Amino acid sequence: MIFIEDKHELKEELAEWRHARDHVAIVPTMGNLHPGHVSLVDVAKEHAERVVVTVFVNPTQFGEGEDFETYPRTFDKDTRRLKTVAADVLFAPSVETVYPFGIESATAVTVPGLTENFCGSFRPGHFDGVTTVVARLFALVRPDVAVFGQKDYQQQLVIRRMVEDLNLPVTIITAATIREDDGLAMSSRNVYLSDDEREKAPALYQALADVERQLRDGVGDFDALERQASNELERAGFLPEYVAVRRAADLGPAEEACRELVVLAAANLGQARLIDNVLVKL
Ligand code: PAF
């Protein structure tokens, strides 16, 4: 695996791959890599001969008072981990490389509608930062395929919409969420959990799994299921932001006739804001 910071060096490497007619996959990350990221690299390798993992803690997707400054930066550990997987390049650009005209003057990409609810309403501007950086990473790497995790369900839908709307020549793959043995979705932010909170944290997935079970049993009162899960989270010590049963394709209202639903939630536990979701195909 080669480590590249410079966009010209990246371009030269990519040119060699293109010359060999290799397909290129990108796995965008903000670092602090865990087995969930490794699984994204494995999925990427199934779709392309070459895999670029990007590590960039993107300032534009953090709101005021959020954890940009304290976001875990574990570069040496990340490099060691990536050496054991199928990544060809670890691309870790500087802020100046990604935003050559500065953050304030950056051309931004906004996906209206889909970004306005759920995480979008609790983190205003967050998805604009995500689409803006992902579009820039796509422009730098020009991948054929990009892999994102299902854990960030709304994010992957927003990115899919951006790609479709702008006709970007990249195929988006959504890879399954990787969980700890007790069900907690792996996340770089799990390091914020104290020992006591870590014990409580699997309750998030359990609440979603309870809703899933009831949907499969034919329960159709979505509002009641959302309320029930939210209460369950409060009892477990969380401060829930939202629990929602929605149409999986576009987060539109769930209806009895919907065959593909997603149950998604965000909740705070101590310093950690946890998100998770389950897909329910009926
Ligand atoms: O999911 C993430 O880690 C980030 O939002 C992403 C896609 C790497 C953009 O910074």
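Predicted model only: the values in this text are computed from it and were never measured.

Colleague: When you look at the side chain of Arg123 in this model, what are you seeing that I'm missing?
Modeller: Mapped onto the fold, Arg123 is located in the loop between α5 (119–122) and α6 (126–141). Arg123 sits in the buried class, given a relative accessible area of 8%. Polar side-chain contacts of Arg123 include one of 2.6 Å to the side chain of Glu66. Sequence-distant contacts of Arg123, defined by excluding residues within four places in its chain, comprise Gln61, Phe62, Glu66, Arg189 and Arg273.

Colleague: Could you clarify how one ought to interpret the site of the ligand in this entry?
Modeller: Looking at the ligand, the residues that line it are Pro28, Thr29, Met30, Asn58, Gln61, Val130, Val133, Phe148 and Gln155. Between an oxygen atom of the ligand and a side-chain N or O atom of Gln61, the distance comes to 2.6 Å. Note that an oxygen atom of the ligand is positioned 2.8 Å from one of the side-chain N or O atoms of Gln155. Its free accessible area being 290 Å², the ligand has 88% of it covered by the protein chains. The set of elements that each furnish at least two residues to the shell around the ligand consists of β2 (24–29) and α6. Taken together, the residues of the shell around the ligand sort by class into five nonpolar, four polar and no charged.

Colleague: Help me understand the packing of aromatic side chains, please; the structure alone is not making it clear to me.
Modeller: Both the distance between ring centres and the angle between the ring planes are used here to describe each pair of aromatic rings. Tallying each qualifying case throughout the model produces six aromatic pairs. One aromatic cluster is present, built from ring pairs that chain together Phe62, Phe68 and Tyr71. The ring centre of Phe68 lies 4.9 Å from the NZ or CZ of Arg73, which sits over that ring. If you follow Arg179 out to its NZ or CZ, it ends over the ring of Tyr205, 3.7 Å from the centre.

Colleague: I'm lost on helix α1 (residues 7–19) in this one. Help?
Modeller: An α-helix turns once per 3.6 residues; consequently, residues spaced three or four apart project the same way. The first and last C-alpha atoms of α1 sit 18 Å apart over 13 residues, in line with the 18 Å expected at 1.5 Å per residue. Taken residue by residue, α1 has Leu10, Glu13, Leu14 and Trp17 as its buried positions. The buried residues of α1 occupy one face: seen down the axis, they fall within an arc of 100°. Residues of α1 that are exposed and angled more than 90 degrees away from the buried face: Lys11, Glu12, Glu16 and His19. If you follow the buried residues of α1, they end up packed against β1 (2–4), β2, β3 (50–55), β4 (89–91) and α6. Following α1 by one or two positions, Arg21 adopts a phi angle in the positive range, close to 60°.

Colleague: When you look at the side chain of Asn277 in this model, what are you seeing that I'm missing?
Modeller: In this structure, Asn277 sits in strand β9 (residues 272–281). A distance of 2.7 Å separates the side chain of Asn277 from the side chain of Gln150, its partner in a polar contact. Setting aside chain neighbours within four positions, we find Asn277 in contact with Gln150, Lys151, Tyr153, Arg179, Leu208, Val262, Val263 and Leu264.

Colleague: Teacher, can you tell me more about the packing of helix α9 (residues 203–216) against helix α10 (residues 222–235) here?
Modeller: The axes of two packed helices give the description: the angle between them and the distance between them. Running from N to C, α9 and α10 cross one another at 155°; their axes reach a closest spacing of 9 Å. The orientation of α9 with respect to α10, classified from their angle, is roughly antiparallel. Between α9 and α10 the crossing geometry is right-handed. For the pair α9 and α10, contact is made by Ala203, Leu204, Gln206, Ala207, Asp210, Val211, Gln214 and Leu215 and by Phe222, Leu225, Gln228, Ala229, Glu232 and Leu233, respectively. Of the residues that constitute the contact of α9 with α10, the class distribution is nine nonpolar, three polar and two charged.

Colleague: I'm lost on the environment of Val43 in this one. Help?
Modeller: Within the secondary structure, Val43 sits in helix α2 (residues 35–47). The exposure class of Val43 is buried, given its relative accessible area of 18%. In contact with Val43, other than residues within four places in its own chain, are Val147, Ile173 and Ala175.

Colleague: Would you explain the sheet that holds strand β8 (residues 260–269) in this entry?
Modeller: Hydrogen bonds between backbone atoms are what pair the strands of a sheet, whose relative direction is either parallel or antiparallel. As summarised here, the arrangement of the three strands in space is β7-β8-β9, forming an open sheet in which the pairing is antiparallel. With one partner strand each, in any of the chains shown, β7 (239–247) and β9 form the two edges of the open sheet. Each neighbouring strand pair of the sheet contributes to a mean axis angle of 10°, computed without reference to strand direction. Here ten bridges tie β8 to β9, and the two strands are oriented antiparallel to one another. Paired with Val263 across the two strands is Val278, which belongs to β9.

Conventions and cut-offs
- In this numbering scheme, every chain counts its residues from 1 along its sequence in written order.
- Given that the model is predicted, a residue must reach a pLDDT of at least 70 before its local features are reported, and side-chain atom pairs must reach 80 or more before they are shown or counted; all residues, however, enter totals for whole chains, interfaces and linings.
- For the side-chain quantities, the full set of heavy atoms in the structure was used; hydrogens and water were omitted.
- A run of H or I in DSSP counts as a helix once it spans at least four residues, and a run of E counts as a strand once it spans at least two, with each numbered from the N terminus.
- Residue exposure (1.4 Å probe, protein chains only): buried if accessible area is under 20% of the type maximum, exposed if over 50%, otherwise partly exposed.
- Polar contact is the term for a pair of N or O atoms within 3.5 Å; when the atoms are in protein, one must be able to donate a hydrogen and the other to accept it, and sequence-neighboring residues count only if both atoms are side-chain atoms.
- Residues count as neighbours in contact if any of their non-hydrogen atoms are within 4.5 Å of one another.
- Throughout, near means a residue has at least one heavy atom within 4 Å of the molecule or strand.
- Areas reported as accessible are Shrake-Rupley estimates using a 1.4 Å probe. Residue values count occlusion only from the protein chains shown.
- For this classification, the nonpolar set comprises Ala, Val, Leu, Ile, Met, Phe, Trp, Tyr, Cys and Pro, the charged set comprises Asp, Glu, Lys and Arg, and every other residue, Gly included, is treated as polar.
- Here is the rule: rings of Phe, Tyr and Trp (six-membered ring for Trp) pair when centre to centre is within 6.5 Å. Planes less than 30 degrees apart are stacked, more than 60 are edge-to-face, and the remainder are tilted.
- Charges are assigned to positions over rings by a cutoff of 6 Å between ring centre and Lys NZ or Arg CZ, combined with an angular limit of 35 degrees from the ring normal.
- Multiplying 1.5 Å by the residue count of a helix minus one yields the expected span of that helix.
- The directions considered for the arc run from the helix axis to the C-beta atoms.
- Angular values range over 0 to 180 degrees, each being the angle between N-to-C directions of two axes fitted as lines to C-alpha atoms, with helices fitted over their stretch in contact.
- An angle counts as roughly parallel when it lies under 35 degrees, as roughly antiparallel when it exceeds 145, as roughly perpendicular when it falls between 65 and 115, and as oblique in every other case.
- Crossings are classed by handedness, with left-handed meaning an anticlockwise turn of the near helix from the far one by less than a right angle and right-handed meaning a clockwise turn.
- Pairing between two strands is assigned when DSSP locates at least 2 bridges connecting them.

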